[in-house]
Amino acid sequence: CGKPGCTVGCECDRYMEVWNNVFTQFENDGKGNYSELKQKNIDTGMGLERLAVVVQDVDSIFDVDTLQALRNKVCEFANIKYQQDDAKDVSIRLITDHIRSATFMISDGIMPTNEGRGYVLRRLIRRALRFATLMGVHEPFLYKVARKVTEVMGEAYPELVEHADFIARAVREEEQRFSQTLDKGLEMLEEELAALEKKGERRIDGAFCFKLSDTYGFPLDIVNDVAEKRGFKADEAGFNEYMHQQKQRARAAWKGSGEKDIASRFQGLLEDGLKSEFFGYTALTGVGRVVALLDGDGLPVEALPSGSLGYVVTDQTPFYGASGQTFVNIGSIFSPLRAAMRRCCSSGPTERNTCRS
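Note that the structure is a prediction, hence the values are computed from the model and not measured. (Residues numbered from 1 in each chain as written. Predicted model: local features only at pLDDT ≥ 70, side-chain atom pairs only at ≥ 80, totals over all residues. Heavy atoms only, no water.)

## Quick word on the nonpolar core
Here is the rule we go by: We call a set of buried residues a nonpolar core when its members are Ala, Val, Leu, Ile, Met, Phe, Trp, Tyr or Cys and they connect through side-chain atoms within 4.5 Å of each other. Relative accessibility decides the category of a residue: with a 1.4 Å probe and only protein chains considered, values under 20% of the type maximum give buried, values over 50% give exposed, and everything between is partly exposed. Helix and strand assignments follow DSSP, with helices taken as H or I runs no shorter than four residues and strands as E runs no shorter than two, numbered in order from the N terminus. Residue contacts are counted whenever heavy atoms from the two residues lie within 4.5 Å of one another.
Judged by nonpolar contacts, the single largest core of 66 residues is most densely connected at Ile95, Leu142, Leu189, Ile204, Phe218 and Val223. Of all the elements, helix H7 (residues 164-199) adds the most residues to this core, at 11 residues. Sequence-distant contacts of Val223, that is, excluding residues within four places in its chain, are made with Leu189, Ile204, Cys209, Leu212, Phe218 and Ala234.

## Examining the pattern of salt bridges
What counts, and what does not: Salt bridge, as applied in this entry: a Lys or Arg side-chain nitrogen positioned within 4 Å of an Asp or Glu carboxyl oxygen.
The tally for this structure, following the rule as stated, stands at 15 salt bridges. Between Asp63 and Arg71 there is a salt bridge, with its nearest N and O atoms 2.7 Å apart. With relative accessibility at 8%, the residue Arg71 sits in the buried group. The residue Glu174 makes a salt bridge to Arg126 at a minimum N-O spacing of 2.7 Å. Here Glu174 is found in helix H7, whereas its partner Arg126 is found in helix H4 (residues 116-134), with 48 residues between them in sequence. Linked through salt bridges whose partners overlap, the residues forming this network are Arg122, Arg126, Glu174 and Arg177.

## Notes on the environment of Glu197
Along the chain, Glu197 falls in helix H7. Taking the C-alpha atoms as reference points, Glu197 and Phe232, separated by 35 residues in sequence, lie 9.2 Å from one another.

## Section: the environment of Phe104
The topology assignment puts Phe104 in helix H3 (residues 86-107). Residues Phe104 and Glu159, spaced 55 residues apart in sequence, show a C-alpha to C-alpha distance of 9.2 Å. The contact partners of Phe104, leaving out residues within four places of it in the chain, are Val149, Met153, Tyr157 and Leu160.

## Some points on a nonpolar patch on the surface
For clarity, the threshold we go by: A patch consists of residues exposed above 30% relative accessible area that lack any salt bridge, with like charges linked at up to 9 Å and nonpolar side chains (Val, Leu, Ile, Met, Phe, Trp, Tyr) linked at up to 5 Å. Accessible surface is estimated by sampling points in the Shrake-Rupley manner with a 1.4 Å probe; for residues, cover comes only from the protein chains shown.
Residues Leu48, Leu51, Val54 and Val55 make up a contiguous nonpolar surface patch of roughly 420 Å² in combined accessible area. With respect to the helices, strands and loops of the structure, Leu51 is situated in helix H1 (residues 48-55). What makes Leu51 partly exposed here is its relative accessible area of 39%.

## Remarks on unusual backbone geometry
Only a minority of non-glycine residues have a phi that is not negative, and only a minority of peptide bonds are not trans. Positive phi, normally seen in glycine, also occurs at Asp57, with a value near 55°. Structurally, the position occupied by Asp57 is in the loop between H1 and helix H2 (65-78). Phi at Asn79 is positive, roughly 60°, even though this residue is not glycine. Its location among the elements puts Asn79 in the loop between H2 and H3.

## Thoughts on H2
Under the convention used in this document: Expected helix span is computed as 1.5 Å times (number of residues minus one).
In this model, H2 (14 residues) spans 20 Å end to end at C-alpha, consistent with the 20 Å of a helix rising 1.5 Å per residue. What H2 keeps buried is the set Leu67, Leu70, Arg71, Lys73, Val74, Cys75 and Ala78. Close packing links the buried residues of H2 with H1, H3 and helix H5 (142-153). Of the residues one or two after H2, Asn79 is the one with positive phi, at around 60°.

So far we have only geometry, and geometry alone does not tell us how the molecule works.
Encoded structure:
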């Protein structure tokens, strides 16, 4: 950049960091006190893709052969060329990165939801879709990029190939869902920014951000993306407070409503795009992927501890849904099953094999 102080760390990109060393020596107790660790270590930042940048002599991880294939596929679907427009290049790289991450997350059994890891996944897909619209792409195509991820990385990660159809379907359904609300949300946000500009204000009220999220499914991070480019800032603290209050109201309403209202919880899962294929007419047993967990109150959780009650949603099931839904007390199924297994396994080999089948 020509500045006298230009050295390592300058933002002009004269230097590129591909590896750093962190010497982990102390533990901070949170109060500013440091004590020496018994087991000290050295943490390096030399990941596989950083190493590939050096070995392949390219400028960034997006130029490494594997990511370049994904990047080029994004350009193909968007009908644009890379390194022709800086703003579009940012969008291309972001979409490439986000959809690769989303593909692996779905392969690991995570589905787009409004809680926990599922919410992280939903934000990745929706943010990628937002940047696709900035490039002028208004048709679903991210699921096709996900297909390319499974193709390029499937040899090293066979589970991607195994679940390729499932992954593509999950991404496409999330694209279609969000496309219906994206335009409306952007329109409302533009009106709000214009109103604030007239008043000389630069802060977007948390209540408005919450309304966009709660009513229209328009996430806060996209509000931030749009706002920051225009010199505005969203009231995240206010947004989080409204979100917390809503969760408290929902939890209180659920606890006082009785089990019959579990239907509304499953309706929410349906609206989130979760589906369960019924194959009970052709088989009585099978293997399903867990796509959602609810605790005993019907609230989404990441795990159900041993001995707790809850609800499990799988992508396919032999259980028949009476009147649209069946509520299964898993303990009531497994208790007699365990007793039967104990009886079978205490008898001869033939009976034990029959029990297993």
